[in-house]
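# Secondary and tertiary structure notes
Chain by chain, the residues:
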Amino acid sequence: MFQNGKSQLDLIKKLSFNRVGGSIEELRAATILKETVTALASEFSPDANVHLEGFLMPWYEVRKVSVCVTKPFYREIEARGVGFSGCLPEGGITAPLLYAEQGLPISLRDAGGKIILLNDMVYENWPAILKSGALAYLVAIGEYDDEDARTDLSENYLRDHQLKIGSLPGIHIRAHDAIALLQEGAEEMHVELCQEKFERVSHNVIAEIPGSKITDEIIGFTAHYDSVPFSSGAWDNATGCADILGLFAYFLEHRPQRTLRFIWCGSEERGLLGSLAYTKAHRDEMERFRLVINLDMTGPVLGFDRAIVTGDPTLISNIEYMAREAGHAIHTSQTVHPSDSTPFADCGIPAVSFSRWGRAAGHSRRDLDTLLGEHAIAHFQNFMRFFASRMINSSEFPIPRDMPQNMKEELNKYFHRS
């Protein structure tokens, strides 16, 4: 029997292991989800059609990376390679160091033939970095007071819109090491980077509850189930997976008028790859979707609920009205959210991403289920059932399917088409 709050927390604990997109561990998580959903469906809806849909995704593996100061002193520095950024010549390179701050053209005037140090990666400055003549770049990652034994040095990668312009070998170092380089007057560096590019298979987990009346219209529910490296991903986003499982269980017993499509998306942390693959593979069905409800990072004991709408303002009005009716506090906004709702919104489908923001730790080894609570999960789930039921069973769908111009512009910016 599905118990609201407890059953979701049980699933979160089962999924709380590192499950990077395209890995064996991600497939293990997909199998757990498929088996759990199938078991629920077998009692109430044998026609739920629970299955996996695989898709290819780009992958990389850094074979070797190292950074050390060679002048005026010698020091080795912890480093991680920037994925897809390419390789340096065998044996690495030794070159002068230039601090280029944010990578503005004025800071890159003397970058030719040098290794540059950046505060962070500002995507808008990528063309200037490539044109600068720099041989490689270092990026400061994390906070200045991170303790090496308690935190992990992140490993990021170049995005498609950057790779379309070009690549340059890149390496991450810790913020406190970057500060030390500048304070102690590092003049020359030796860096090595070797990596391999290939493809892996990731999966979306799909289930459907056919509508009882308005079968040609689909309401979608999405949540990603992969995690970032070093993280067990309890909050981000085993919670969202458990949320839409709870909604799946509820609507199995309370048959919806409209058809419901539940999509547990793979490889969201790699650039929304699962939802992008789904919208591409099911392009002929996109016209049937009237709304997509995304759940991403919910359940902290200490926190507040948010609804981020990419669609017509009437969707915000509906959420706020129903929240007042249900006595549920929620913060609403209209923008593009970097989660699995966005590729659907890019197809013109109204989308809302719900989350609970609070004292939990995403994208780190501290993302643990101990910060989550049954009561917070059940309280949020009760509102989601109320809101989703009203939308799904409305005699005439209350949200226009037109994407407002301001949201189209935001989507173009997000996908780097502007």
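Data block above holds the structure.
Description of the structure in this document. Counting starts from 1 at the beginning of each chain's written sequence and moves along it residue by residue. Given that the model is predicted, a residue must reach a pLDDT of at least 70 before its local features are reported, and side-chain atom pairs must reach 80 or more before they are shown or counted; all residues, however, enter totals for whole chains, interfaces and linings. Side-chain numbers here rest on the full set of heavy atoms in the structure, without hydrogens or water.

Okay, the pattern of salt bridges next. Whenever a carboxyl oxygen of Asp or Glu lies within 4 Å of a side-chain nitrogen of Lys or Arg, that contact is scored as a salt bridge. A full pass over the atoms with the stated rule returns 19 salt bridges. With a shortest N-O distance of 2.5 Å, Glu208 and Arg261 are connected by a salt bridge. Of this pair, Glu208 sits in strand 8 (residues 188-209) while Arg261 sits in strand 10 (residues 258-265); the two residues are 53 residues apart in sequence, bridging distant segments of the chain. Here the term buried applies to any residue with accessible area under 20% of the maximum for its type, exposed to any over 50%, and partly exposed to those in between, with areas from a 1.4 Å probe on protein chains only. According to the relative accessible area criterion, Glu208 is partly exposed, its value standing at 22%. Assessed through its relative accessible area of 5%, Arg261 is described here as buried. One salt-bridge network, held together by shared partners, links Glu208, Arg261, Glu285 and Arg288. Put simply, DSSP marks the helices as runs of H or I at least four residues long and the strands as runs of E at least two long, and each gets a number from the N terminus on.

Time to look at the packing of helix 1 (residues 6-15) against helix 2 (residues 24-44). A pair of packed helices is captured by two measures, namely the crossing angle of their axes and the spacing between those axes. Where helix 1 meets helix 2, the closest approach of the two axes is 10 Å, and the angle between their N-to-C directions is 155°. In this view, helix 1 runs roughly antiparallel relative to helix 2, as classed from their interaxial angle. When the axes of helix 1 and helix 2 are compared, the crossing they make is right-handed. Across from Leu11, Lys14 and Leu15 in helix 1, the residues of helix 2 making contact are Ala29, Ile32, Leu33 and Thr36. In terms of residue class, the contact of helix 1 with helix 2 is made up of five nonpolar, one polar and one charged. Each axis is a line fitted through C-alpha atoms, and for a helix only the stretch in contact is used; angles between axes span 0 to 180 degrees, taken between their N-to-C directions. An angle below 35 degrees is treated as roughly parallel, one above 145 as roughly antiparallel, one from 65 to 115 as roughly perpendicular, and anything else as oblique. Note: crossing handedness is left-handed where the near helix turns anticlockwise from the far helix by less than a right angle, and right-handed where it turns clockwise. By definition in these notes, contact holds between two residues if any of their heavy atoms fall within 4.5 Å. Basically, the charged four are Asp, Glu, Lys and Arg, the nonpolar ten are Ala, Val, Leu, Ile, Met, Phe, Trp, Tyr, Cys and Pro, and anything else, Gly included, counts as polar.

Let's shift gears to the packing of aromatic side chains. Pairing of aromatic rings covers Phe, Tyr and Trp, the last through its six-membered ring, and needs centres within 6.5 Å; plane angles under 30 degrees mean stacked, over 60 mean edge-to-face, and all others mean tilted. Going through the model one piece at a time under the given rule, you end up with 15 aromatic pairs. On the basis of an interplanar angle of 55° and a centroid distance of 5.3 Å, the ring pair of Trp235 and Trp357 is categorised as tilted. With Trp235 in helix 6 (residues 234-253) and Trp357 in strand 14 (residues 351-358), this pair connects stretches of sequence that are 122 residues apart. Given a relative accessible area of 3%, Trp235 falls into the buried group. With a relative accessible area of 35%, Trp357 lands in the partly exposed category. Here Phe289 and Phe344 contribute two aromatic rings whose centre-to-centre distance is 5.7 Å and whose plane-to-plane angle is 50°, an arrangement assigned as tilted. Within this pair, whereas Phe289 is found in strand 11 (residues 289-295), its partner Phe344 is found in helix 9 (residues 342-345), the two being separated by 55 residues in sequence. Note on Phe289: relative accessible area 0%, which makes it buried. Among the residues examined, Phe344 registers a relative accessible area of 0% and is labelled buried. Among the aromatic residues, those joined into a cluster by ring pairs are Phe221, Phe248, Tyr250, Phe251, Phe262 and Trp264. Positioned above the aromatic ring of Trp59 is the side chain of Arg270, whose terminal nitrogen or guanidinium carbon lies 4.8 Å from the ring centre. By definition here, charges over rings are those cases where NZ of Lys or CZ of Arg is within 6 Å of the ring centre and within 35 degrees of the ring normal.

Across the eleven residues of strand 9 (residues 214-224), nine count as buried, placing the element largely inside the fold. Where strand 9 meets strand 10, eight bridges bridge the pair, whose relative direction is parallel. The residue bridging Ala223 from the neighbouring strand is Trp264, located in strand 10. Whether a crossover is right-handed depends on one test, that the path from the first strand over the helix to the second runs clockwise when the strands point away from the viewer. For the crossover that starts at strand 9, traverses helix 6 and ends in the parallel strand 10, the hand is right-handed. Strand pairing is assigned whenever DSSP detects at least two bridges linking the two strands. In this sheet, strand 11 lies alongside strand 9 in parallel orientation, the contact comprising five bridges. In the strand pairing of strand 11, Ile218 is matched with Phe289.

Quick look at the pairing of strand 13 (residues 331-334) now. Judged from the four bridges that link them, strand 12 (residues 303-310) and strand 13 form a sheet pairing that is parallel. Bridged to Arg306 within strand 13 is His331. At this point the chain moves from strand 12, through helix 8 (residues 313-326), to the parallel strand 13, and the crossover so formed is right-handed.

Its place among the elements puts Leu372 in the loop between strand 14 and helix 10 (374-392). In the structure, Leu372 is positioned 70 residues away from Leu302 in sequence and 8.3 Å away in space, judged by C-alpha atoms. Not counting residues within four places of it along the chain, the set of residues in contact with Leu372 comprises Leu9, Ile12, Ala234, Trp235, Thr239, Thr298, Gly299, Pro300 and Val301.

We define a nonpolar core as any set of buried Ala, Val, Leu, Ile, Met, Phe, Trp, Tyr and Cys residues linked to one another through side-chain atoms lying within 4.5 Å. Grouped together as the largest cluster of nonpolar side chains are 63 residues, with contacts concentrated most on Phe221, Phe248, Trp264, Ile293, Phe354 and Phe387. Counting residues per element, this core draws most heavily on helix 6, which supplies twelve residues. Ranked by size, the runner-up nonpolar core spans 21 residues in total, among them Val69, Ala136, Ile171 and Leu193.

For helix 8, which comprises 14 residues, the first-to-last C-alpha distance of 20 Å matches the rise-based estimate of 20 Å (1.5 Å per residue) to within 8%. Burial in helix 8 covers these residues: Leu315, Ile316, Asn318, Ile319, Met322 and Ala323. The buried residues of helix 8 occupy an angular sector of 160° when projected down its axis, which confines them to one face. The elements touched by buried residues of helix 8 are strand 11, strand 12, strand 13, strand 14 and helix 10. Immediately beyond the C-terminal end of helix 8, within one or two residues, lies Gly327, with a positive phi of roughly 70°. Expected helix span is taken as 1.5 Å per residue step, with the number of steps being one fewer than the number of residues. Starting at the helix axis, one direction is taken to each C-beta atom, and the arc is that of these directions.

Disulfides are defined as cysteine sulfur pairs within 2.5 Å. Inspection of every chain in the model, using the stated rule, returns zero disulfides. Left unpaired, Cys194 is separated from the closest cysteine sulfur, that of Cys87, by 4.4 Å. When its relative accessible area of 37% is taken as the criterion, Cys194 is described as partly exposed. Unpaired in terms of disulfides, Cys347 finds its nearest cysteine sulfur in Cys265, a separation of 12 Å. When its relative accessible area of 30% is taken as the criterion, Cys347 is described as partly exposed.

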